[in-house]
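Chain and residue survey
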Amino acid sequence: MALNWLNFFAADISDGVGPFLAVYLASNLNWQAGAIGMAIAATQLSMVIGQAPAGLVVDRARRKRLPIIVASIVVGSVALLWPALRTLPTVLVCQVVLGLAASFYVPSLVALAATMRGREHFDRTISKNQSYNHSGNVVSAVMTGVVARFTNNAGIFYCMTSFAVLCTLSALCIAPKDVTVPAPSPQAQTEKKKSLFREVLCNKPFLMFLLLTLAFYFSNGAMLPLVAQEIAQAKPENSTLYLAACIIIAQLVMVPTVFVCGKLAGRGRKKLLTIAFLLLAMRGVLYFLTKDVNVLLGLQVLDGMAAGTFSVVAIMVVHDLMGSSDRASFAQGLLASALSLGSMLSNLAAGFIVDAAGFPAGFVFLSALALAALLLLWKGMPETAKGNEREARADAALRAPTTQDFSR
């Protein structure tokens, strides 16, 4: 239960200060759009760079609670300093620190789930964790918005500090014996150093899935910002309210979506990934066909279903491929980096396309990319669920009171 609540409280701070930062910088400090973009990009870029190394640290850590506890303390401390910042250089430094600290959340949370529950229960555990995570996104967004309204926006940083404190307390509630791994032998440590290239960078299915993850978030990342711009043109007086509704609808849909995926994922990862890509492509096509604000709002249901399905199944696929190695958290960090990089490239490319040819061309481009990635999924990506089931049975056999070796 403590792990579920850790995911709940980590939801809002795992991406830094979040979209509320743009409102604070524009309203309270009167910054221009270029400077605001640099501040937000500093966190995103540091997370792209930092998540894989953070995974390596988590892999090496015997006490799996420690990285996320330290990261939460850093995030909470930096958030307290934020209201005193005024200049771009100091803001950029703090944003980079926040991004590097937030890089530890994804690999740490996955490592805790794998260590506590084992491979045979991983699907159900991670889907439940992700349900709490998306619920936390909804609650934190509403709470932060309300607090910001009555504190002239400065309350967003105090909310972030509070969530960081609750993350730390939740992590401390996890029994140390449940998440502490034995120290590896000197020979095993030597093998780890030799096997990084062989285990990760030469793993073709894993590299293929990183490419698919990049493609999914390249296609998905810019859709909501483009919709937000269309809504701002149609309903300028209530654009912020509609944007908040878009985010909340998607997150609410993700809660049951990831839970159901946990029950169905054992029957095949590729089937669920196919559904995610199809829903993503369908969403872009429907955005192309309508400009009605209420319809655009309703289409966020597809966003929640597609993104929720892909996000949780992606963790499972990487765990299938790398969970039995000593680089599991490093692999999850690479997955998170591919996600962040795809989102960054999506907004950059879609922005140029929309400037040149309008919103319809942007949505067609993103939908076409999703369909191309779907073809790549079926042609180049093997099914990983069966291998996961075999290893789960092997793990169970090793724990059984018998001397026979079933692991081969």
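Scroll up for the structure.
In this report, we go over the structure that sits alongside the text. Remember, it's a predicted structure, so these values are computed and weren't measured experimentally. (Residues numbered from 1 in each chain as written. Predicted model: local features only at pLDDT ≥ 70, side-chain atom pairs only at ≥ 80, totals over all residues. Heavy atoms only, no water.)

1. What to know about the overall build of the protein chain
Looking only at helices and strands, the protein chain has 18 helices and zero strands in total. The proportion of buried residues among the 408 residues of the protein chain is 50%. When contacts within the protein chain are restricted to residue pairs at least 6 apart in sequence, those whose partners lie at least 24 apart make up 84%. (Helix = DSSP H or I, 4+ residues; strand = E, 2+ residues; numbered from the N terminus. Buried < 20%, exposed > 50% of the residue type's maximum accessible area, 1.4 Å probe, protein only. Contact = heavy atoms within 4.5 Å.)

2. Points about a positive patch on the surface
Judged by side-chain charge, Arg117, Arg124, Lys128 and Lys263 come together as a positively charged surface patch. Tracing the backbone shows Arg124 in helix H7 (residues 122–150). (Patch = residues over 30% accessible without salt bridge, like charges linked within 9 Å, V, L, I, M, F, W, Y side chains within 5 Å. Areas by Shrake-Rupley, 256 points an atom, 1.4 Å probe, with all protein chains shown as cover. Salt bridge = Lys/Arg side-chain N within 4 Å of Asp/Glu carboxyl O. Lys, Arg positive; Asp, Glu negative; His and termini not counted. Charge placed at Lys NZ, Arg CZ, Asp CG, Glu CD.)

3. Let's talk about helix H6 (residues 105–117)
Look at H6: 18 Å from first C-alpha to last across 13 residues, which is about the 18 Å you get at 1.5 Å a residue. Regarding H6, the residues found buried are Tyr105, Pro107, Ser108, Leu109, Val110, Ala111, Leu112 and Ala113. (Expected span 1.5 Å × (residues − 1).)

4. Overview of the environment of Thr213
Structurally, Thr213 is set in helix H10 (residues 204–221). Relative accessible area serves as the criterion here: at 1%, Thr213 is assigned to the buried category. Counting along the chain gives 123 residues from Thr213 to Ala336, while the straight-line C-alpha distance between them is 9.0 Å. Contacts of Thr213, omitting those with residues within four sequence positions, involve Phe310, Leu335, Ala338 and Leu339.

5. Examining a nonpolar patch on the surface
Together, Val165, Leu166, Leu169 and Leu172 line one region of the surface with nonpolar side chains, adding up to about 330 Å² of accessible area. Overall, Leu166 belongs to the partly exposed group, its relative accessible area being 32%.

6. Comments concerning the side chain of Lys64
Inspection of the secondary structure assignment puts Lys64 in the loop between helix H3 (33–60) and helix H4 (66–81). As a buried residue without a salt bridge, Lys64 has its nearest oppositely charged side chain in Asp59, at a separation of 5.2 Å. Polar contacts involving the side chain of Lys64 include one to the main-chain carbonyl oxygen of Val58, which spans 2.6 Å. (Polar contact = N/O pair within 3.5 Å; in protein donor to acceptor, adjacent residues only side chain to side chain.)

7. A short note on the packing of aromatic side chains
As enumerated under the stated definition, the model contains 13 aromatic pairs in all. Considering the side-chain rings of Trp5 and Phe8, the 5.1 Å spacing of their centres and the 65° angle between planes classify their relative orientation as edge-to-face. Here Trp5 pairs with Phe8, and both are found in helix H1 (residues 2–13), just three residues apart, close to one helical turn. Owing to a relative accessible area of 35%, Trp5 belongs among the partly exposed residues under this scheme. A residue is classified by how much of its surface remains accessible, and Phe8, at 14% relative accessible area, is buried. With 6.3 Å between their ring centres and 70° between their planes, Phe218 and Phe365 make a pair best called edge-to-face. Of the two residues, Phe218 sits in helix H10 while Phe365 sits in helix H17 (residues 359–380), which places them 147 residues apart along the sequence. For Phe365, a relative accessible area of 31% gives the class partly exposed. (Phe/Tyr/Trp six-rings, centres within 6.5 Å; stacked < 30°, edge-to-face > 60°.)

8. Focus on the packing of H10 against helix H13 (residues 269–289)
Each pair of packed helices gets described by two things: the angle between the helix axes and the distance between those axes. Running from N to C, H10 and H13 cross one another at 25°; their axes reach a closest spacing of 10 Å. Taken together, the axes of H10 and H13 lie roughly parallel to each other. The chirality of how H10 crosses H13 is left-handed. Residues Phe209, Leu212, Phe216, Ser219 and Asn220 of H10 touch H13, and the partners they reach there are Leu273, Ala276, Phe277, Leu280 and Arg283. Across the contact of H10 with H13, the residue classes break down as seven nonpolar, two polar and one charged. (Axes fitted to C-alpha atoms, helices over the stretch in contact; angles between N-to-C directions. Parallel < 35°, antiparallel > 145°, perpendicular 65-115°, else oblique. Left-handed = near helix turned anticlockwise from the far one by under 90°. Nonpolar A, V, L, I, M, F, W, Y, C, P; charged D, E, K, R; others polar.)

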